[in-house]
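# Summary of structural features
Residues per chain are reported as follows:
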Amino acid sequence: MPGNTSVVEANIVCYSPTMITTNGIWQGDNPLDYSLPLFILQVTLVILTTRTLVFLLRPLRQPKVVAEIIGGILLGPSVLGRYKPYEEALFPLRSIMVLETMANVGLIYFLFLIGLEMDITVIKRTGKKSVVLAVSGMALPFIISIVTSFVLKSFMTKGKMVDQGTFLLFLCVALSVTAFPVLARILADLKLLNTDIGRLAMSAALINDMCAWILLALAIAMAENSSTVSSLWVILSGSGFVLFCLFVVRPGVMWLVRRTPDGETVSELYLCVILTGVMVSGLVTDAIGIHSIFGAFVFGLVIPNGPLGAILVEKLEDFVSGLLLPLFFAISGLRTNVGSIHGITDGWGLLVLVILLASGGKVLGTMILASFYKMSAREGLSLGILMNTKGLIEIIVLNVGRDQKVLDDESFAVMVLMSVLLTTLITPSVTALYKPARRLVPYKRRTIQRSKPDGELRLLACIHGPRNIPTIINLLEATHPTKRSPIFVHALHLVELTGRASAMLIVHNTRRSNLPAVNRAQAHSDHIINAFEHYEQSASGVSVLPLTAISPYSSMHEDICNLAEDKRVALIILPFHKEQTVDGGMEAVNPAFRSVNQNVLANAPCSVAVLVDRGLGGTNRAAASHVSHHVVMLYFGGPDDREALSYAGRMVEHQGISLTIIRFIPGDNVVEPMIHADETKILTVVTDMERERQLDDDFINDFRLKNASDESILYMEKVVNNGEETVGAIRELDSINDLYIVGRGQRMISPLTAGLTDWSECPELGAIGDLLSSSDFAATVSVLVIQQYVGDGGEAHNDSPRHQTDVHMQSNRLALRAPQLVQETPPSPGGFSPNWSNGPIGP
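Cut-offs and rules
Residues numbered from 1 in each chain as written. Predicted model: local features only at pLDDT ≥ 70, side-chain atom pairs only at ≥ 80, totals over all residues. Heavy atoms only, no water. Helix = DSSP H or I, 4+ residues; strand = E, 2+ residues; numbered from the N terminus. Buried < 20%, exposed > 50% of the residue type's maximum accessible area, 1.4 Å probe, protein only. Contact = heavy atoms within 4.5 Å. Areas by Shrake-Rupley, 256 points an atom, 1.4 Å probe, with all protein chains shown as cover. Polar contact = N/O pair within 3.5 Å; in protein donor to acceptor, adjacent residues only side chain to side chain. Axes fitted to C-alpha atoms, helices over the stretch in contact; angles between N-to-C directions. Parallel < 35°, antiparallel > 145°, perpendicular 65-115°, else oblique. Left-handed = near helix turned anticlockwise from the far one by under 90°. Nonpolar A, V, L, I, M, F, W, Y, C, P; charged D, E, K, R; others polar. Core = buried A, V, L, I, M, F, W, Y, C linked by side-chain atoms within 4.5 Å. Salt bridge = Lys/Arg side-chain N within 4 Å of Asp/Glu carboxyl O.

Within the protein chain, the regular secondary structure consists of 27 helices and 14 strands. Sorting the 843 residues of the protein chain into buried and exposed places 53% on the buried side. In the protein chain, of all internal contacts separated by at least 6 residues, the share reaching a separation of at least 24 is 81%. Working note: accessible area of the protein chain is about 39,100 Å², and carbon and sulfur atoms make up 60% of it.

So, in structure tokens, the structure goes:
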């Protein structure tokens, strides 16, 4: 060739053009060919599928994790993935890397939240019983795993080079783990979170979880490093990372917390530092040779309980649990191919048998412990079933095992399906087996009327917020607690459960009092606890136990009623769902409060009082020596009015309380209500009405006789013929009164209140209670509406033959003196009409 040709060598790189965002369908682009639109569609599809399943499984009371795993399986090759056009369009192979990356980012932050919500001090406070339970629950599954691991290894690894110790650790962790977050949700749904078995299961699951994470870290370290020396370095480096977090990261975070003034939110810069630290921790442990989730978990575990942790949970919980975490389950579902499971002869039948044996071993070990601690067989069996709760942690173990080639596709699919099946069976099994034991001692004093005057009066005061505190405490002080007749108050703060793990676990968190509250519910709890603790310290004869009930409004009444029965209280005090406005009117605070009150009134195991708060004693608690209230008791008759009078009689023992009893008596022109029924029922109703009237007469005459020398009690009688005259008489009352006490009037047919319920705004208060609490009632006085508990056996009535005879004799003696007690009074400018009859209660 003539001349020299210069040849320039160059490195040629072939690459695909950037395909993240599309130019639009009008440019002829298919959005699904680009990574971002495809990822958005995948996330949307995952969320819609899982949320639909959560809704469908809600009647079966299944935890959310079951719906998320099933949703992932439905979207994967087991169901929808069998249709190739769907799989190639929505979940092509090129998109899996982006989806897995985001799923692992969500998993890292979720494990950070789990560590953040775990309180290490709980493990220190856990009793020996919980530790033994956790160990016994893991021991038998471990033994079964060790015995069967040699047989299962060749099947599950398909001849791959996997170390026997690594395989054994993965199998042991997968079969013995208890999912602490899932168990907490199941116990909350079954209303067992605050029972003995619930607290025991939660403590044991927490210890089980910590052991599982340590073993998982060891298994990962051994799986990713073939040589013993490398594995040793990984373990030592991981231990060094844990020590660094304990002695460097934790003090640094506490320094950040101390730099935040009380009452102020944590700086945004501090939050960014923490969130970045999560990623750095994951990077460090991944570089060491341990999975990145372990670094995030340890980082969350060392952050101290307090404002910073609560704010992080509040900001991350919804986004991570609601949006990112379902992606991880979707990935697990895409990896689960039921079609890969072949016949029993291929070995998966043996794997299922081993899983069932390990689950049975956990139940058996727990039952043995239960019998040792003298628990019933049903309790032991229920506890063992609860300890078999699977969920996120086992799915993580299985995914890591699959990534490390410890499990093949068939083994992975079988274990995922068995995990879902076992978790699905937890709720119905425990519901059928476990019934909380009833007290052997009969619970008789369910009312004020049956409570001993010189005994302890047990009350349950429900509180929605700080505004309820002053009036309730002033009411309790007016109840006249003394050393001779003390009261025990269970102050119950009612908090709505929003469905978040942080809200559900507030009842288990113990914050130090020197740390500021970080959200509204926590601030209210602090205020309530401090107020009642101060009241207990400054009052005489008062014991207070502050509690918090965290549940949905739809089932909050169950918590109230169960607590009332468990604590054997005589009266539940509920705040009215309306509060007084500046102009004196009444407006609803939250309609859900009303439904809670209605459900409690319908299901309470004791008497119930609804308190209409109009500032009894002002906005501050009055000292015992400064209590001064004028109480008016409106008496129409019936068990509720007798209960109300019993409570008023206890209050009047206080030297600062004056009581006016106004008894409404039918006049000559009263029209008895018509009873439309057969002759037998008419006779029964008439007999019951006569019996109630006799009980009313006996009770109030007995009350007047016992308090004949008490000048602070004024007795009046008012003759009315119908509901209209009753309303007119009540409207004539003085506005200087501080509190009206009335019975709800259930099971009563009175001509004196006929027609009043036709326009009642709040029927749960009864006809008179609704009238006194209405916005158009002239007097702005607090009202206490009382409903007496009446059981099947007539527990609410002191109607034994001997008691009736004694009361009847006393009432006859008093009736002979009645003309001397009651004197006619002329009309007065104050408003009493001529047919009032009043006078002191004694001669």
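Anyway, onward from the coordinates.
Turning our attention to the side chain of T660. Mapped onto the fold, T660 is located in strand β9 (residues 657-666). When its relative accessible area of 7% is taken as the criterion, T660 is described as buried. Among the polar contacts made by the side chain of T660, one reaches the side chain of H630 at a distance of 2.9 Å. Residues in contact with T660, not counting those within four places in the same chain, are H630, V631, V632, M633, L714 and M716.

All right, on to the packing of helix α25 (residues 723-731) against helix α26 (residues 766-773) then. In contact at an axis separation of 11 Å, α25 and α26 are set at 40° when each is read in the N-to-C sense. As far as their axial angle goes, α26 and α25 are oblique. Relative to α26, α25 is oriented so that their crossing is right-handed. Counted together, T726, V727, I730 and R731 of α25 and I768, L771 and L772 of α26 form the full contact between these two elements.

In this section: the packing of helix α15 (residues 377-386) against helix α17 (residues 409-433). A pair of packed helices can be characterised by two numbers: the angle between their axes and the separation between those axes. The interhelical angle for the contact between α15 and α17, taken along N-to-C directions, is 170°, at an axis separation of 10 Å. On the basis of their axis angle, the class for α15 and α17 is roughly antiparallel. On the side of α15, the interface is formed by R378, L381, S382, I385 and L386, while α17 contributes I426, S429, V430, A432 and L433. Residue composition of the contact of α15 with α17, by class: seven nonpolar, two polar and one charged.

Inspection of the secondary structure assignment puts Y535 in helix α20 (residues 520-538). Note on Y535: relative accessible area 0%, which makes it buried. Between the C-alpha atom of Y535 and that of E477, which follows or precedes it by 58 residues, the distance is 9.2 Å.

Residues L111, F112, F297, L392 and I396 are the most contacted members of the largest nonpolar core, which totals 139 residues. Counting residues per element, this core draws most heavily on helix α9 (residues 196-223), at 17 residues. Those residues within four positions of L392 in sequence are excluded, and the remaining contacts are V65, L107, F110, I114, V182, L325, F328 and F329. Counting 49 residues, the second-largest nonpolar core is a separate cluster that includes L460, Y553, A564 and V785.

Take the pattern of salt bridges next. For the coordinates displayed, the defined rule picks out 12 salt bridges. In this structure, R402 and D409 form a salt bridge, with 3.0 Å as the shortest nitrogen-oxygen distance. Residue K578 is joined to E761 by a salt bridge in which the shortest nitrogen-to-oxygen separation is 2.5 Å. Of this pair, K578 sits in strand β5 (residues 578-580) while E761 is found in the loop between β11 (739-743) and α26, placing the two residues 183 residues apart along the sequence. Using a relative accessible area of 10% as the deciding quantity, one classes K578 as buried. Through salt bridges that share partners, E100, R335 and D403 make up one connected network.

Everything listed here is a matter of coordinates, which is why it stays silent on function.
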